[in-house]
Structure formats: C-alpha cells, structure tokens
Amino acid sequence: MSSKAHKFFFEHKIFTFAQFAEAMANPVPTCRVMLNRHLKNGNIVHIKQGLYASIPSGADAERYPIDPYAIISLLTEDSLIAYHTALQFHGIAYSVYFQHTFQSEEKIRDFQFRQDRFKVTKYPKSLPKSKYFIFSEEIDHHGFIVRVTQLERTLVDALDRINLSGGLEEVWRSLNNIQKVNVANIVEYALLLGNATTIAKVGFYLRLRQKEWKMEENYFSQLKAHLPRSVHYLDRKNRINGKYIKEWRIVIPSELIGEQWEEILDGSDI
C-alpha cells in the first residue's frame, strides 16, 4: 500500500470515492484501480456505490464493525437520523433493529450493507425547507458529525409514522423510556406537521403522562384546536377491537389500553 493511500485510509474511517480521488490527485481510472487493489487486499470494504470504509491493519475485513450512524452521515449533506433509528441512537428503543431510517431530499435507493439495511424517506411535506432541521442536533459520534432528531421531535415522528418506527408496541414501549422532555417543543412540532391525526395521537399520549411531566392544560388546548373532525385511528393497521377516546376523537387498539402485548415481536414492517 502506498504511504499516501495508507495515510488517507488511516485518517478516513469511512470515505467517498470523490474524497479519495481528490486526496490522491490521480485520474479517476487510476483511483478506481487503486481502490480495487485495496479491496482485494482487505484494506477497505465497499459499502455502496461510491462509499467505502477503511479496515485497520490485521483486522478481518468481513467482520470489522462499521458504524451505521457514521454511514448515514456521509450519504447526503441533509441526512437526518429519524424514527426508530433516532429512538435507538438516543438509547430508548425497546428493541434493537438493523434497519436504519433517515430523512433526506436526495434520491437514494434503499440498500443493505452486511446485516444493516438503510432506508431513506423524504422530509414531511408540511415542513418548509428552512424547518428541516428543527428540533434536531449535531453530535460528534466517534469522530463523525451525525445529525439526529431530538427526543421531542422523535416522539412526534414515531407517533406520526408508526410503520417507520417499529410498529405500535415498539413505539409505545420505547416512548415510555423517555424520562424528561420539553413539552412545549413537542406541541410546537406536532402543530408544525399539521396532521390532525398525529396531533390527536400526541395529545392522547401526553395526557397519559401529564402528571409525570407536570404539563399545564394550555398545551392540550393548543392541540385540541386542531383535532380531526371525524374519528381517526391511532394505528391505521389495527382498526379492530379498539376503544374510542372522545377527548381526542381517536380509536385506540384495545391491546394498548391493557398493554397486552405478544412477547415475540415481528419486525417485518420496519
């Protein structure tokens, strides 16, 4: 391995082809040949088209761990870790999943690297571009700057897109691991999304934790001003054996009321 390439791999745990080509200052075809040689020698691994990871000397190229959050941070400039992946990043997910969901306006096909699956979804249509990163934070994660939704936005997003957040049981169990939040931010973001069903879900959930989080009634009044006019369902996939919650004009699955869950989770929907 050339000293120049060795230095680059040492300094870049994950890198793009463009970064490598710029650092090597060689023609593109030459850089492709170089990378192919290093792939065969086990110095790097191919993650997806145009994206690679460096393997330390002596490590097993097939087993050396590659951080999925770091991969997301390099996929697009506007990538934002969200939904169940945000729950997992914050350490409150009830279960560990190997599908990693992030938001971006760029078109990227879903792909798999080893056991990790990566799924991109666009930002909610109701969010103006200037609000894409509202209630999110940039965190130095093992040397990579990753952008992730804060707990307040994660809570709302998980209720908004239950299918992207592990299913109803996973969402409920995970959200119940949240110890402290800024309720004002939850309400502001829920109203910003402008989805009446989501607002009803959020209102119902916050009501359950009102005493614990010491919420004033004005938060609920703000949400109630935007409730759906007709009956909606907390989980559109589960419209049988539900209980109607008049305050929020929403039907809650009966198993949620009693928290009668199956012990074995089915993660096929995530």
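Residues numbered from 1 in each chain as written. Predicted model: local features only at pLDDT ≥ 70, side-chain atom pairs only at ≥ 80, totals over all residues. Heavy atoms only, no water.

Trainee: I would appreciate a short explanation of the packing of helix 6 (residues 151–160) against helix 9 (residues 196–208) in the present structure.
Mentor: When two helices pack together, their arrangement is captured by the angle between the axes and the distance separating the axes. Two numbers describe how helix 6 lies on helix 9: the axes approach to 9 Å, and their chain directions differ by 120°. Between helix 6 and helix 9, the angle is such that the two are oblique. Viewed along their axes, helix 6 and helix 9 form a crossing whose handedness is right-handed. Across the interface between the two elements, Leu155, Val156, Leu159 and Asp160 of helix 6 pack against Thr198, Lys201, Val202 and Tyr205 of helix 9. When its residues are assigned to classes, the contact of helix 6 with helix 9 shows five nonpolar, one polar and two charged. (Axes fitted to C-alpha atoms, helices over the stretch in contact; angles between N-to-C directions. Helix = DSSP H or I, 4+ residues; strand = E, 2+ residues; numbered from the N terminus. Parallel < 35°, antiparallel > 145°, perpendicular 65-115°, else oblique. Left-handed = near helix turned anticlockwise from the far one by under 90°. Contact = heavy atoms within 4.5 Å. Nonpolar A, V, L, I, M, F, W, Y, C, P; charged D, E, K, R; others polar.)

Trainee: What is the right way to read the pairing of strand 3 (residues 51–54) from this model?
Mentor: Side-chain direction in a regular strand flips from residue to residue, so the side chains alternate between the two faces of the sheet. Because side chains alternate across strand 3, one face comprises the buried residues Leu51 and Ala53, and the other comprises Tyr52 and Ser54, equally buried. As paired strands, strand 1 (residues 14–16) and strand 3 are joined by three bridges and run antiparallel to one another. The partner of Phe15 across the bridge, within strand 3, is Tyr52. Bridging between strand 2 (residues 44–48) and strand 3 involves four bridges; their strand directions are antiparallel. From the neighbouring strand, Val45 faces strand 3, where its bridge partner is Ala53. Counted along the chain from strand 2 to the antiparallel partner strand 3, the turn is two residues long, and its residue Gly50 has a positive phi close to 80°. (Buried < 20%, exposed > 50% of the residue type's maximum accessible area, 1.4 Å probe, protein only. Pairing = 2+ DSSP bridges.)

Trainee: Would you take a moment to explain the sheet that holds strand 3 for this structure?
Mentor: Note on sheets: strands pair through backbone hydrogen bonds, and any given pair is parallel or antiparallel. With respect to topology, three strands assemble into an open sheet ordered 1-3-2, the strand pairing being antiparallel. Edge positions in the open sheet fall to strand 1 and strand 2, since each of these has one partner strand only. The sheet shows a mean angle of 30° between the axes of neighbouring strands, taken without regard to direction. Across the face of the sheet, helix 3 (residues 28–40) comes into contact with strand 1, strand 2 and strand 3 while running at roughly 110° to strand 2.

Trainee: What's the story with the sheet that holds strand 10 (residues 232–233) in this structure? I'm lost.
Mentor: In spatial order, the strands read 10-12-11; together these three strands make up an open sheet with mixed pairing. Pairing within the sheet leaves two strands with one partner each, and these edge strands are strand 10 and strand 11 (242–245). Here two bridges tie strand 10 to strand 12 (residues 250–253), and the two strands are oriented parallel to one another. Within strand 12, the residue paired with His232 across the bridge is Ile250. Here helix 9 sits on the sheet in contact with strand 10, strand 11 and strand 12, set at roughly 60° to strand 12.

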